[in-house]
Amino acid sequence: MSFIKFMVLLAMLPASFTAIAQAPEPGLESEYLMDIVLETAAPQQAGTRLIVPITGGSFEGPGIKGKILDVGADWISTRPDGVNDLDVRITLETDDHALIYMTYAGILDRTGAGAYWRMVPTFETGAEKYQYLTKIIAVGVGKRMDGKTAYRIYRIL
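Participant: Before we go on, may I ask you to explain the side chain of Thr149 in this structure?
Facilitator: Turning to its location among the elements, Thr149 is positioned in strand E10 (residues 148-156). According to the relative accessible area criterion, Thr149 is buried, its value standing at 10%. Within the structure, Thr149 has its side chain in polar contact with the side chain of Arg144 (distance 3.2 Å). The residues touching Thr149, leaving out its near neighbours within four places in the chain, are Ile36, Val37, Leu38, Trp117, Lys143 and Arg144.

In structure tokens form, the structure reads like this:
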């Protein structure tokens, strides 16, 4: 197609379409949601998965604080490229005794320099005060902390 034909076709498009096509795409913004620290027991090998029991922990952020109940685990699978796929299910109990079920998928890649450790949590709760958690997209950045697993979690706006 010649340049002239292209320009003629472009001129025939509605102005709103060309304005949208030329507008810069918005970036993602986030806000701090909470820090979470998980205490774990010794991992157990179960076939191709490594099961890491969650034995407790804590979480805290603006307007939310509590403990992690000892009823969860991380079901880790290792891919052929050495990257770990995380599959975690835990229960949070807030200081005002509300229960929040939190699950997350994630990736831990230690194959390069440093570590890439990210997760995407989702939340379920019957507590009205914390229903906002069930309506958000969140991401977390992981790190080891004194023999524990820790995440800083952000809400995507």
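Participant: In this structure, what is going on with the pattern of salt bridges? I would like to understand it.
Facilitator: Side chains that carry opposite charge are capable of pairing whenever their charged atoms lie near each other. Under the defined criterion, the tally for this structure stands at eight salt bridges. One salt bridge in this structure joins Arg79 and Asp81, with 3.1 Å as the shortest N-O distance. Looking at Arg79, the relative accessible area reads 31%, which means it is partly exposed. Several salt bridges share partner residues, and in doing so they unite Arg79, Asp81 and Asp85 into one network.

Participant: Any chance you could explain the pairing of strand E6 (residues 84-94) here in plain terms?
Facilitator: The side chains of a regular strand alternate between the sheet's two faces. Here E6 lies mainly inside the structure; eight of its 11 residues are buried. Pairing geometry for strand E4 (residues 64-68) and E6, over three bridges, is antiparallel. Bridge pairing in E6 links Ile68 to Leu92. Here four bridges tie strand E5 (residues 72-78) to E6, and the two strands are oriented antiparallel to one another.

The rules we used
Residues numbered from 1 in each chain as written. Predicted model: local features only at pLDDT ≥ 70, side-chain atom pairs only at ≥ 80, totals over all residues. Heavy atoms only, no water. Helix = DSSP H or I, 4+ residues; strand = E, 2+ residues; numbered from the N terminus. Buried < 20%, exposed > 50% of the residue type's maximum accessible area, 1.4 Å probe, protein only. Polar contact = N/O pair within 3.5 Å; in protein donor to acceptor, adjacent residues only side chain to side chain. Contact = heavy atoms within 4.5 Å. Salt bridge = Lys/Arg side-chain N within 4 Å of Asp/Glu carboxyl O. Pairing = 2+ DSSP bridges.

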